[in-house]
Amino acid sequence: YVPVPAERQNFYQLGIRQQINSRLRLDVSRYIKTIRNFSDDAQLLTTAIVFPVAIAGADIRGTEVRLDLLPVRGWSAYASYANARATITTPLTGGIFLGTDVESLFEPGKHAADQDERNEAQWGITYLHRSGAWGSLVGRFDSGLPTEFDATDLVEADARVLAQVDTTRMRTKPRTLLNVIGGIDLWRETPHPVTVQLGVNNLFNRLYLYNFHSAFSGTHIGRPREVVGRVVFHFTTK
């Protein structure tokens, strides 16, 4: 165990916003973040227990683009894309280190960070009816996070999990997920309106990985299809 030193950051961001016409708006931003004594969490073996750790440095930089369609007859939409690169500079400089997966992190060097997601895209479309009913379809694409494993890990892994790992790129495989959600606002003109919502996440019940044998986070499987309902009661005074 080594005490975890305080993290120090330098963060720079530049962005522009352009109204293309009365309905379209474009946002572009570029950011650079350099970190000394980068803070992270290390998982205790295969348990849900995590400990804080610090790494000598990190460099995170990327570009984000977003296009918004402002409401047109009840319809609105957006699409966004992010390209980023995140690296860490070892060695570890503080925290509790258990297990064998972090041995290489005690040596000086550069590695892809757990959050090194090179390409991300999101999009969504929403319709709002004058009655107060609305519905949304939302999609997300992720190009995959870096993995760390050896031959033994591949032999021991479940075949369904292994099918989601790109052993050539050393990353989890890309994934595209769709969610739908709808709702309605009831008794909007009264002091006690009620909002009812119902949604389905991971619409096509796709098996996917957040990460695989990460030195800090282990292996995490994405959530299967789930149906989510929500009722909100509003109390206002007039």
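Cut-offs used in this document
Residues numbered from 1 in each chain as written. Predicted model: local features only at pLDDT ≥ 70, side-chain atom pairs only at ≥ 80, totals over all residues. Heavy atoms only, no water. Helix = DSSP H or I, 4+ residues; strand = E, 2+ residues; numbered from the N terminus. Rg over C-alpha atoms; globule rule 2.2 N^0.38 Å. Buried < 20%, exposed > 50% of the residue type's maximum accessible area, 1.4 Å probe, protein only. Contact = heavy atoms within 4.5 Å. Areas by Shrake-Rupley, 256 points an atom, 1.4 Å probe, with all protein chains shown as cover. Lys, Arg positive; Asp, Glu negative; His and termini not counted. Charge placed at Lys NZ, Arg CZ, Asp CG, Glu CD. Core = buried A, V, L, I, M, F, W, Y, C linked by side-chain atoms within 4.5 Å. Pairing = 2+ DSSP bridges. Phe/Tyr/Trp six-rings, centres within 6.5 Å; stacked < 30°, edge-to-face > 60°. Patch = residues over 30% accessible without salt bridge, like charges linked within 9 Å, V, L, I, M, F, W, Y side chains within 5 Å. Salt bridge = Lys/Arg side-chain N within 4 Å of Asp/Glu carboxyl O.

### Quick notes on the overall build of the chain
At step 1: Helix and strand content of the chain: two helices and 14 strands.
At step 2: On C-alpha atoms alone, the chain measures out to a radius of gyration of 22 Å, which is more than a quarter above the 18 Å that the 2.2 N^0.38 rule sets for 238 residues.
At step 3: Counting across all 238 residues of the chain, residues that qualify as buried make up 31%.
At step 4: Pairs at least 24 residues apart make up 62% of the contacts formed inside the chain by residues separated by at least 6 positions.
At step 5: Summed over all atoms, the accessible surface of the chain reaches about 14,500 Å², with 59% contributed by carbon and sulfur.
At step 6: Across the chain, 26 positive and 24 negative side-chain charges occur, with their mean positions spaced 12 Å apart.

### Description of the nonpolar core
At step 1: Counting 12 residues, the largest nonpolar core is built from Tyr-31, Ile-35, Phe-38, Ile-55, Ala-58, Ile-60, Ala-84, Ala-86, Ile-88, Leu-92, Leu-105 and Ala-113.
At step 2: When residues of this core are traced back to their parent elements, those giving at least two are strand S2 (24-43), strand S3 (50-72) and strand S4 (75-95).
At step 3: Counting residues per element, this core draws most heavily on S4, which supplies four residues.
At step 4: Dropping the residues within four chain positions of it, Ala-113 is found in contact with Ala-86, Thr-87, Ile-88 and Pro-146.
At step 5: By size, the runner-up hydrophobic cluster in this structure holds five residues, among which are Phe-149, Val-165, Leu-209 and Phe-212.

### Notes on unusual backbone geometry
At step 1: The omega torsion across Thr-90 and Pro-91 is 20°, close enough to zero to call that bond cis.
At step 2: Tracing the chain through its elements places Pro-91 in strand S4.
At step 3: The backbone phi angle of Asn-37 is positive, close to 60°, even though this residue is not glycine.
At step 4: With respect to the secondary-structure elements, Asn-37 resides in strand S2.
At step 5: One non-glycine residue, Asn-202, adopts positive backbone phi at about 55°.

### Focus: the side chain of Asp-27
At step 1: Secondary-structure assignment places Asp-27 in strand S2.
At step 2: Residue Asp-27 is classed as buried on the basis of its relative accessible area of 18%.
At step 3: Look past the residues within four positions of Asp-27 in its chain and what remains in contact with it is Ile-16, Arg-17, Glu-64, Val-65, Arg-66 and Asp-68.

### A look at the pairing of strand S10 (residues 175-186)
At step 1: Two strands pair when backbone bridges link them, and strand S7 (residues 133-142) and S10 are joined in this way by 10 bridges, in the antiparallel orientation. Of the residues in S10, the one forming a bridge with Ala-133 is Ile-184.
At step 2: Here seven bridges tie S10 to strand S11 (residues 194-201), and the two strands are oriented antiparallel to one another. Within the sheet, the bridge partner assigned to Val-180 lies in S11 and is Val-200.

### Notes on the packing of aromatic side chains
At step 1: Summed over the entire model, instances satisfying the criterion amount to two aromatic pairs.
At step 2: For the ring pair Trp-75 and Tyr-127, a centre distance of 4.7 Å and an interplane angle of 45° mean the geometry is tilted. Of the two residues, Trp-75 sits in strand S4 while Tyr-127 sits in strand S6 (residues 119-128), which places them 52 residues apart along the sequence.
At step 3: Here Trp-75 falls in the partly exposed class, since its relative accessible area comes to 42%.
At step 4: Residue Tyr-127 is classed as partly exposed on the basis of its relative accessible area, which comes to 30%.

### What about the environment of Leu-178?
At step 1: By secondary structure assignment, the location of Leu-178 is in strand S10.
At step 2: Contact partners of Leu-178, with chain neighbours within four places excluded, come to Trp-123, Val-138, Gly-139, Val-200, Asn-201, Asn-202, Leu-203 and Phe-204.

### Side note on a nonpolar patch on the surface
At step 1: A cluster of nonpolar side chains, Val-196, Val-231, Phe-233 and Phe-235, forms an exposed patch at the surface whose accessible area comes to about 440 Å².
At step 2: By relative accessible area, Val-231 is classed as partly exposed at 48%.

### Digging into the pattern of salt bridges
At step 1: Overall, the coordinates contain 13 salt bridges when judged by the stated rule.
At step 2: One salt bridge connects Asp-166 with Arg-169, and the closest N-O pair in it is separated by 3.9 Å.
At step 3: A relative accessible area of 39% places Arg-169 in the partly exposed class.

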